[in-house]
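Each chain is listed here by its residues.
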Amino acid sequence: MSSVKSGKSWIRQPIVVVLGHVDHGKTTLLDKIRGTAVAKKEPGEITQHVGASIVPASVLRKVAEPLKKYFPKLKIEIPGLLFVDTPGHELFSNLRRRGGSVADIAILVVDIMEGFQPQTWESIQILKERKVPFIVAANKIDRIPGWKPNHDQPFLETIRKQDPRIVSRLEELIYRLISQLYEAGFMAERFDRVKDFRTTVAIVPVSAKTGEGVPELLALLTGLVQRFMKKRLVTSEEPAKGVVLEVKEEPGLGTTIDVIIYDGVIRRGDTIVVGGKDKPIVTKVRALLMPRPLQDMRAHEGKFVSVEQVVAATGVKISAPDLDNALAGSPIFVVPSEDKIEEYIKIVKEEIESVRIKTDNIGVVVKADTLGTLEAVVEALKRENIPVRLADVGPVSKNDVLEASVSKNHRPEYGVIIAFNVKILPEAEEYAARENVKIFRHNVIYKLIEDYIGWVKQLREQEKIKELESLIRPGKIRILPGYIFRRSNPAIVGVEVIGGVIKPGYPLMRKDGMRLGTIMQIRDRDNVLKEARAGQSVAISIRGRILVGRHVDEGDILYTDIPKQHVHLWLTKYKNELSDDEKMVLKEIIEIKKKQDPFYGLVFGS
Ligand code: GDP
């Protein structure tokens, strides 16, 4: 660790994250980069941090050496690149910083054979939201049939040694990525053809397996941050700022936090403020821990060595009292002096409150494992216009179910809990079952949202069916001469359905609009029917004040008596649910009813 003199400022390592769809090669690529760093570093250089790895400047220089003829101007000015070890957007979410990210730049890994997949789109969305620039690693070029691998060579070298057929296949695949990136709102181009890196995303063809293209990937990251981000990378001997990546129990140490420091210096004994589940935690650094270099590994000494101080950018484990309730994704600050503690508590509190949601609105309840993932889930819900009633970190509790059931009473589709990577407490599980509150769980954000949206669609479909079932449909019948079985109480007559449909429960009216009574039962000889449609002749019983021979007679035409609200729905929401003969009958019914009520069947705005 370089020690820092008073007032000194320096350019720190840019913080790099790797994102992309599952199985597209994020882990393999990070392993390859780490392997390169270890193999090419100078003796004594440390590449491993807690939760992160460094590719030192010395390694970047060696890797860039064979690229000299392509990029003669590349000079390494940064002290190296700091890669966050765990890829994927769950951890990336925790690198949150108000209005952005602690990550300076990202590598979006795309399997060139597969192109964009759901998590690729989601990664781009998150990068956009957090305003993090990125380059695309078009991975697995070695899987193009016929590819001849040239281990660890620059892409521009290995491509010259490939068959022209393979080269044109590669071009096709890159072109697909270019158009998918265009769809996502970005101009993109193969890296060696990019004219302006501020407006165009660079695509670097690589193989994480053979190492081909990795030299360009590292050189490009370096070149881009040096050209466009130097200001952002300047840091000085100020009290440190960082973010909590993970909260971890360590044997013999208790609860520790793994932190990425992106600004300033942190020393043993410093007072820090960090976000907690209930309120910000103020504590003193007991130990700053870095991974013990492999060659020093002795069984009894543990995995970590304690250091006096670390400087940005770094990944470090902090051991301190009272960290049990610390929140991953929360900011961490070294407090410059005791009288500033309250000020920092306020900053941390505001930052955390900006993510948590607690309202009386009708909306879903969200629970997530960390502040970062909570923010990411809430953002994903917002994109889908799904309102949120409550959003918090921690397991699903009985109170969450209670909150969800309040929403459920108003809007069933919002009466749910969306749980990302958290436990459900047993009493909450029971209560949810009793209250019929659905809990959606997943540890992939887009899957979680997809599951919920799918369920809402189903629910809407069911509601529609239920509402449709409850509507009285148009029907027109004629009383058959010679088929009066009973004149009243109930009247039983034979009828022919001329148009539309009749069902038990449907009220009937005469041609002049007079209500006659309600159909009790429909029979075809000995069979009781649920409905009768145009063309069928059946016997029906009619309950109500009806006397055959007085109110109606043989040969008379009757219609279903459709309430005004039902007609309105038939003419608007369910226009397409009526058959042609039902539509004709409906027209006739409207003509009859209009004589009594001029507004019947009138739809405003149509
Ligand atoms: P992640 O889920 O994105 O971290 O993907 P992994 O790094 O675990 O890779 C998924 C699979 O793809 C593994 O079987 C890797 O060995 C394989 N893989 C990754 N990169 C490459 C590559 O460049 N070439 C080939 N042939 N296979 C690769």
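Residues numbered from 1 in each chain as written. Predicted model: local features only at pLDDT ≥ 70, side-chain atom pairs only at ≥ 80, totals over all residues. Heavy atoms only, no water.

**Description of the side chain of Thr314**
Residue position: Thr314 is located in strand S20 (residues 314-319). The class of Thr314 is buried, set by a relative accessible area of 0%. At a separation of 2.8 Å, a polar atom in the side chain of Thr314 contacts the side chain of His49. (Helix = DSSP H or I, 4+ residues; strand = E, 2+ residues; numbered from the N terminus. Buried < 20%, exposed > 50% of the residue type's maximum accessible area, 1.4 Å probe, protein only. Polar contact = N/O pair within 3.5 Å; in protein donor to acceptor, adjacent residues only side chain to side chain.)

**Some thoughts on empty space enclosed by the protein**
Taken as a whole, this structure holds one cavity of 30 Å³ or more when the rule is applied. Its boundaries defined by the atoms lining it, the largest cavity holds a volume of some 40 Å³. Lining the largest cavity we find Glu122, Ile126, Glu129, Ala376, Glu379, Ala380, Arg383 and Ile445. Within the residue set of the lining of the largest cavity, elements represented by two or more residues are helix H4 (118-129) and helix H10 (371-383). The element best represented in the lining of the largest cavity is H10, accounting for four residues. When we break the lining of the largest cavity down by domain, the ones giving at least three residues each are domain 1 (9-233) and domain 3 (355-470). (1 Å grid on protein atoms, 1.4 Å probe; cavity = no way out; pocket = protein on both sides within 12 Å on 5 of 7 lines; lining within 4 Å. Points joined across faces, edges and corners; volume = space filled by probe spheres on them. Domains from an automatic or database assignment.)

**Observations regarding the sheet that holds strand S3 (residues 52-56)**
The strand order across the open sheet built from seven strands is S3-S4-S2-S7-S8-S10-S9, with neighbouring strands paired in mixed fashion. Among the strands making up the open sheet, the edge pair consists of S3 and strand S9 (187-190). Each adjacent strand pair in this sheet contributes to an overall mean axis angle of 30°, direction not counted. Relative to strand S7 (residues 105-111), strand S2 (residues 15-20) runs parallel, the two being bridged by five bridges. In the sheet register, Gly20 faces S7, and the bridge partner there is Val109. Packed onto the sheet, H4 meets S2, S7 and strand S8 (134-139) and runs at close to 165° relative to S7. (Pairing = 2+ DSSP bridges. Axes fitted to C-alpha atoms, helices over the stretch in contact; angles between N-to-C directions. Contact = heavy atoms within 4.5 Å.)

**Some remarks on the nonpolar core**
Ranked by size, the top nonpolar core spans 82 residues in total, and within it Phe83, Leu95, Ile107, Phe134 and Ile260 carry the most contacts. Two domains share this core, each providing at least three of its residues, namely domain 1 (9-233) and domain 2 (236-351). (Core = buried A, V, L, I, M, F, W, Y, C linked by side-chain atoms within 4.5 Å.)

**Observations concerning the UniProt feature "domain: tr-type G" in the protein chain**
Those residues carrying the UniProt feature "domain: tr-type G" are residues 11-230 in this numbering. Taken end to end, residues 11-230 is 37% helix and 20% strand, and its two terminal C-alpha atoms sit 7 Å from one another. (UniProt positions renumbered as here; feature names shortened; annotations may be inferred.)

**Some thoughts on the pairing of strand S24 (residues 388-393)**
When you tally the buried positions in S24, you get five out of six residues, the bulk of the element. Both strand S23 (residues 364-368) and S24 contribute to a ladder of five bridges, which runs parallel. Counted as the bridge partner of Ala368 is Val393 from S24.

**What to know about the environment of Arg160**
For Arg160, the location among the structural elements is in the loop between helix H5 (155-158) and helix H6 (164-183). Owing to a relative accessible area of 58%, Arg160 belongs among the exposed residues under this scheme. It is 47 Å that separates the C-alpha atoms of Arg160 and Leu374, two residues lying 214 residues apart in sequence. Those residues within four positions of Arg160 in sequence are excluded, and the remaining contacts are Lys69 and Tyr70.

**Considerations on the sheet that holds strand S18 (residues 304-307)**
One key point about sheets: their strands pair by backbone hydrogen bonds, in either a parallel or an antiparallel sense. Spatially, S16-S15-S21-S12-S13-S20-S17-S18 is the arrangement adopted by the eight strands of the open sheet, whose pairing is antiparallel. This sheet does not close on itself; its edge strands, each paired only once, are strand S16 (281-284) and S18. Neighbour-to-neighbour, the strand axes of this sheet turn through a mean angle of 40°, independent of strand direction. Where strand S13 (residues 254-263) lies against S20, six bridges are found, and the strand directions are antiparallel. By the bridge assignment for S20, Ile257 is matched with Ile318.

**Section: the pattern of salt bridges**
Tallied over the entire structure, the rule returns 49 salt bridges. The partner of Glu157 in a salt bridge is Arg160, with the nearest N and O atoms 3.3 Å apart. Two residues, Lys367 and Asp400, come together in a salt bridge whose shortest N-O distance is 2.7 Å. A residue pair is termed long-range when its members are at least 10 positions apart, and Lys367 in strand S23 and Asp400 in helix H11 (residues 398-410) qualify at 33 residues. Under the relative-accessibility criterion, Asp400 is labelled buried at 3%. (Salt bridge = Lys/Arg side-chain N within 4 Å of Asp/Glu carboxyl O.)

**Re the domain arrangement of the protein chain**
Domain assignment breaks the protein chain into domain 1 (9-233), domain 2 (236-351), domain 3 (355-470) and domain 4 (475-595). Computed over C-alpha atoms only, the centres of domain 1 and domain 3 are separated by 37 Å. Listed by partner, the interface residues are 11 residues for domain 1 and 14 residues for domain 3. For the pair domain 1 and domain 3, the summed buried surface comes to about 1100 Å²; carbon and sulfur atoms form 50% of the total. Our enumeration of links across domain 1 and domain 3 arrives at four salt bridges. One salt bridge in this structure joins Arg130 and Glu379, with 3.8 Å as the shortest N-O distance. Here domain 1 is connected to domain 3 by six residue pairs in polar contact (both at pLDDT 80 or more). Where the side of domain 1 that touches domain 3 is concerned, the elements lending two or more residues are helix H3 (89-94) and H4. When residues of the side of domain 1 that touches domain 3 are assigned to their parent elements, the largest contribution, five residues, is made by H4. Here the residues of the side of domain 1 that touches domain 3 are counted per class, giving one nonpolar, five polar and five charged. (Buried area = accessible area lost by both parts, 1.4 Å probe. Nonpolar A, V, L, I, M, F, W, Y, C, P; charged D, E, K, R; others polar.)

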